[in-house]
Amino acid sequence: MMKRTGVLIPVIVFVSAVVSVSAFADHREKKEHQFFNKLKEHTSGKSQEDHGNENTGQMAAWLFAVANFPVAGTLLTRRFLLTKTSGNFQKTAGKIYSWLKKDLMPYHYVLNTGAIIMALIHFRLSWCRSTSLPEWAVLLVTLLGLSGMILKFRLIPQPLIRKVRAIHTHPAVVVGVFGLLFLGHQFLD
Ligand code: HEM
């Protein structure tokens, strides 16, 4: 079970990042195709707003992708390099692992926080939505980020920290949140 989870998490993090980027991009493409319909629906003043919306969506997606790169790196190193090598190779793997953990994980905290703020701005600027799925996804991604902050700054007692860590790092939670984000963008008009 643990072994399977060890493989699943990095795969999920990679897929989630790529999927969320493509979801935002796809959303933009759809909007371009429906340009004339949108013109009929909205006053011209709104198109300026929509442009800002596209940019914030793209930025949030890329921030999420980069922010979760160190996580995927640490998990893959742990799963495939540390456990499958020995001798000098393992020493090098250990160095890579502590570099990822010590030097790159701070980007996970900062860029994910930035991505969430950008996603909230994107949500605020959005208009003409035909589904509430993106709202739910934004709420859940924000909660996921808050759980990360609880872990980082140890904001609650230790026994609860363990539970929060289990949620924050669970593959089903990560895939569920980014899956909802993806689906929500597919159903947008
Ligand atoms: C919302 C997007 C986020 C996702 C999808 C995410 C996902 C993950 C995953 C999969 C891990 C496991 C890494 C490992 O086992 O080495 C992790 C670890 C961690 N994340 Fe996040 N995270 C997010 C946001 C944040 C934020 C905003 C913070 C803090 C400001 C944060 C803080 C942490 C910490 C402290 C760990 C290490 C947990 C530990 O093993 O003790 N995360 N995150």
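Criteria and thresholds
Numbers given for residues are sequential positions, taken from 1 along each chain in its written order. Two thresholds apply to this predicted model, a pLDDT of at least 70 for residue-level local features and 80 or more for giving and counting side-chain atom pairs, whereas whole-chain, interface and lining totals are computed over all residues. Each helix is a run of DSSP H or I of at least 4 residues and each strand a run of E of at least 2, with the numbering of both proceeding from the N terminus. Using C-beta atoms placed from the backbone, we call a residue buried if 20 or more other C-beta atoms fall within 10 Å of its own, exposed if 12 or fewer do, and partly exposed for counts in between. Residues are defined as contacting one another if the C-beta atoms placed from their backbone atoms lie within 7 Å. UniProt positions are given in the numbering used here, feature names are shortened, and annotations may be inferred rather than shown by experiment. Placing the C-beta atom from the backbone, one calls a residue near a molecule or strand if that atom lies within 6 Å of it. Following the grouping adopted for this structure description, the nonpolar residues are Ala, Val, Leu, Ile, Met, Phe, Trp, Tyr, Cys and Pro, the charged ones are Asp, Glu, Lys and Arg, and the polar ones are all others, Gly among them. Working definition: the nonpolar core is a set of buried Ala, Val, Leu, Ile, Met, Phe, Trp, Tyr and Cys residues, joined through C-beta atoms within 7 Å. An expected span of 1.5 Å times one less than the residue number is assigned to each helix. The angle between axes fitted to the seven-residue stretch ending at a residue and the seven-residue stretch beginning at it gives the bend at that residue.

Before going further, it helps to spend a moment on the overall build of the chain. A count of helical and extended segments in the chain gives eight helices and zero strands. Counting every position in the chain, which comprises 189 residues, the buried fraction comes to 26%. When contacts within the chain are restricted to residue pairs at least 6 apart in sequence, those whose partners lie at least 24 apart make up 80%.

Mapped onto this numbering, the UniProt entry annotates "transmembrane region" (unreviewed entry) at residues 59-81, 107-125, 137-155 and 167-188. Its end C-alpha atoms 32 Å apart, residues 59-81 is made of 96% helix and 0% strand. Secondary structure within residues 167-188 divides into 82% helix and 0% strand; the distance between the first and last C-alpha atoms comes to 29 Å.

This brings us to the site of the ligand. In the vicinity of the ligand there are 21 residues, among which Tyr-109, Asn-112, Gly-145, Gly-148 and Thr-169 approach most closely. Elements with a contribution of two residues or more to the shell around the ligand: α1 (2-33), α4 (69-82), α5 (87-125), α6 (133-153) and α7 (158-168). With seven residues, the single largest contributor to the shell around the ligand is α6. Across the shell around the ligand, the residue classes tally to ten nonpolar, nine polar and two charged.

Generally speaking, a soluble globular protein has its nonpolar side chains buried in company with each other. Within the largest apolar cluster, 19 residues are counted, with the highest numbers of intra-cluster contacts made by Ala-60, Leu-63, Phe-64, Ala-115, Ala-119 and Val-141. Elements represented by at least two residues in this core include exactly α3 (45-67), α5, α6 and α8 (171-186). Leave out the neighbours within four places in its chain, and Ala-60 touches Ala-115, Met-118, Ala-119 and His-122.

A few words now on α5. For α5, which comprises 39 residues, the first-to-last C-alpha distance of 54 Å matches the rise-based estimate of 57 Å (1.5 Å per residue) to within 8%. Leu-104 marks where α5 bends most, by close to 45°; the proline Pro-106 follows one to four residues later. Those residues of α5 that fall on the buried side of the exposure criterion are Leu-100, His-108, Leu-111, Asn-112, Ala-115, Ile-116, Met-118, Ala-119 and His-122.

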